[in-house]
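Topology and contacts: notes
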Amino acid sequence: MKILSVNCGSSSLKFKMYEMPEEEVLISGLFERIGEKASEYTIKLNGEKYSKEVELPNHKIAFEILVDELKKNNIIKKLDEIKGVGHRIVQGGDYFDKTVIASDDVVAKIDELATLAPLHNKAAITGINAAKEVIPNATETVVFDTAFHQTIEPVNFLYAVPYEWYTDYKVRKYGAHGTSHKYIASRLNALLGRTNTKLITCHIGSGASVSAIKDGVCIDTSMGLTPNAGLIMGTRCGDVDTSILTYMMQKKDISPKEMDTILNKKSGLLGISGVSNDSRDIEEGIAKGNERCVLAQKMYVGKIIDYIAMYYFELGGVDAIAFSAGVGENSIRTRMDIMEGLKVLGIVPDVDANNSRGEEKLITTNDSKVPVYVIPTDEELMIARDTYNLCN
Ligand code: ADP
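Reference entry: report on the structure contained in this document. Predicted model, so just to flag it, every value in this text is computed and none were measured. (Residues numbered from 1 in each chain as written. Predicted model: local features only at pLDDT ≥ 70, side-chain atom pairs only at ≥ 80, totals over all residues. Heavy atoms only, no water.)

Brief notes about the packing of aromatic side chains
Under the criterion given, the structure shown has eight aromatic pairs. On the numbers, 6.3 Å between centres and 40° between planes, the contact of F15 with F31 is tilted. With F15 in strand β2 (residues 12-19) and F31 in strand β3 (residues 24-32), the pair connects residues that are 16 residues apart, well separated along the chain. Of the two residues, F15 and F31, neither departs from the other in class, the shared state being buried. Between Y95 and F96 the ring centres are 6.1 Å apart and the planes differ by 70°, which places this aromatic pair in the edge-to-face class. The class for Y95 is partly exposed, based on a relative accessible area of 31%. A relative accessible area of 7% means that F96 is categorised as buried. One aromatic cluster in this structure is built from F15, F31 and Y41. The ring of Y95 carries the charged tip of K170 above its face, separated from the ring centre by 4.1 Å. (Phe/Tyr/Trp six-rings, centres within 6.5 Å; stacked < 30°, edge-to-face > 60°. Helix = DSSP H or I, 4+ residues; strand = E, 2+ residues; numbered from the N terminus. Buried < 20%, exposed > 50% of the residue type's maximum accessible area, 1.4 Å probe, protein only. Lys NZ or Arg CZ within 6 Å of the ring centre and 35° of its normal.)

Some details on the state of the cysteines
Applying the stated criterion across every chain, the model contains zero disulfides. Among the cysteines around C218, which has no disulfide bond, C202 carries the closest sulfur, lying 13 Å off. C218 gets classed as buried once you look at its relative accessible area, which sits at 0%. Lacking any disulfide linkage, C237 is separated from the closest cysteine sulfur, that of C293, by 19 Å. (Disulfide = S-S within 2.5 Å.)

Some details on the site of the ligand
In the neighbourhood of the ligand, 13 residues make up the surrounding shell, with G205, S206, D278, S279 and G326 lying closest. In the model, an oxygen atom of the ligand is placed 3.2 Å from a nitrogen or oxygen of the D278 side chain. Interatomic distance of 2.8 Å between a backbone N/O atom of S279 and an oxygen atom of the ligand. Contact with the protein chains removes 67% of the 580 Å² of surface that the ligand exposes when unbound. Taken together, the elements giving at least two residues each to the shell around the ligand come down to α10 (279-287) and α12 (325-330). Looking at which element gives the most residues to the shell around the ligand, the answer is α12, with four residues. The residue makeup of the shell around the ligand, split by class, is two nonpolar, seven polar and four charged. (Near = heavy atom within 4 Å. Polar contact = N/O pair within 3.5 Å; in protein donor to acceptor, adjacent residues only side chain to side chain. Areas by Shrake-Rupley, 256 points an atom, 1.4 Å probe, with all protein chains shown as cover. Nonpolar A, V, L, I, M, F, W, Y, C, P; charged D, E, K, R; others polar.)

Here's the deal with the nonpolar core
Among the nonpolar cores identified, the biggest contains 38 residues, and I200, I204, I321 and I338 are the most heavily contacted of them. Elements with a contribution of two residues or more to this core: β9 (198-204), β10 (208-214), α10, α11 (291-315), β12 (320-324), α13 (332-341) and β14 (372-374). Take this core: its biggest share by element is ten residues, from α11. Apart from the residues lying within four places of it in its own chain, the contact partners of I338 are I204, V301, I304, I305, I308 and F323. Grouped together as the second largest cluster of nonpolar side chains are 29 residues, I43, A62, I82 and V134 included. (Core = buried A, V, L, I, M, F, W, Y, C linked by side-chain atoms within 4.5 Å. Contact = heavy atoms within 4.5 Å.)

Brief notes about the pairing of strand β5 (residues 48-53)
Burial within β5 is sparse, with just zero of its six residues counted as buried. Bridge count for strand β4 (residues 40-45) against β5 is six bridges, and the pairing is antiparallel. Its bridge partner lying in β5, E40 is registered against E53. Connecting β4 to the antiparallel partner β5 that follows it, the hairpin turn spans two residues, and N46 within it adopts a positive phi of roughly 50°. (Pairing = 2+ DSSP bridges.)

Quick word on the packing of helix α1 (residues 59-72) against helix α3 (residues 118-134)
Contact pair α1 / α3: the axes reach a minimum separation of 8 Å and the direction vectors enclose 45°. By the angle between their directions, the pair α1 and α3 is classed as oblique. Pair α1 / α3 crosses with right-handed handedness. Between α1 and α3, the contacting residues are H59, K60, F63, E64 and V67 on the first element and T126, G127, A130, A131, E133 and V134 on the second. Residues of the contact of α1 with α3, tallied by class, amount to five nonpolar, three polar and three charged. (Axes fitted to C-alpha atoms, helices over the stretch in contact; angles between N-to-C directions. Parallel < 35°, antiparallel > 145°, perpendicular 65-115°, else oblique. Left-handed = near helix turned anticlockwise from the far one by under 90°.)

The structure is reproduced here in structure tokens:
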């Protein structure tokens, strides 16, 4: 059965098509700058890659070209061979604790929740509607980044602000990257050979979050009402003293919108280093002796260690820790810095094993009290699995 896994941004459409249940990737690609100038798309097939510049006025045209490419490359002969289309949705609020079919009622709720994730949820709805028009007979599903975190209890999801903010305005922790944390946890359980486990999963890419997972169920996560909570990220500040906001808004006459942009786009590694939001540039800066890059890396790593320590206590121990996403899968240095900071847990890094990128791997020695793994995440596969299950 052919299943399309889709992630729509406001000007992009990323896709992967799977043969299920074999979980074989048939083709993948990315449409960029939809609705803008110089739009183009890239297709990956059989290890080869090709790009084309083409006008992409909207997501519907992108889906039409996608279907043409599927036919041209003999992935499908007829449109009806696409049985399911699964969409990634960033914010599902407390309405959704699992993947569901994209009915009109569900889409209306995603729209209602757009106040919490304006860019993402609106773009996803555009994608859902476009896919429904272009591939009308497929089962459309929506897979929420927040769903896996819906098991978190009030003691961990509430903020110590007036309770009415929660009851009247739904102010609480929702988390993000849930699909990724769920995937990493399922891989860790497979590697450990059991499901009664205490796991700490670190999804560290441009956006970054840590989750505490007990017996396959999420009990806490570092992102909050929005993704700008918890860890220091590429351009996001993560946890800060909230009074800094009002202080600086008064000092520099900054509007709420501007403040939101500063905290989300000009902070984090970029804000501290003044060099870049990208870990590779920070590492290059460190090699050149740039003190602010050294500081940015220390702060970045320190925050991850803080959360791992906190979740170690929340879980009452830990059976395995995993690193994933752009930094977690690729930054040898960041992983080593974090493991060094966790020595008190009896973690013993395997320097040779850690010296690789993008592979699922144990990176601690046999005498390490806690095994640490690199687990390349696969959110698209999770979307395809859930969609396949709902199609059945
Ligand atoms: P997102 O999906 O949130 O855009 P990714 O998970 O793709 O982010 O992570 C992107 C980040 O991964 C980059 O900003 C960069 O900091 C980091 N990264 C990628 N490759 C490397 C590498 N070889 N060394 C260090 N960091 C890397």
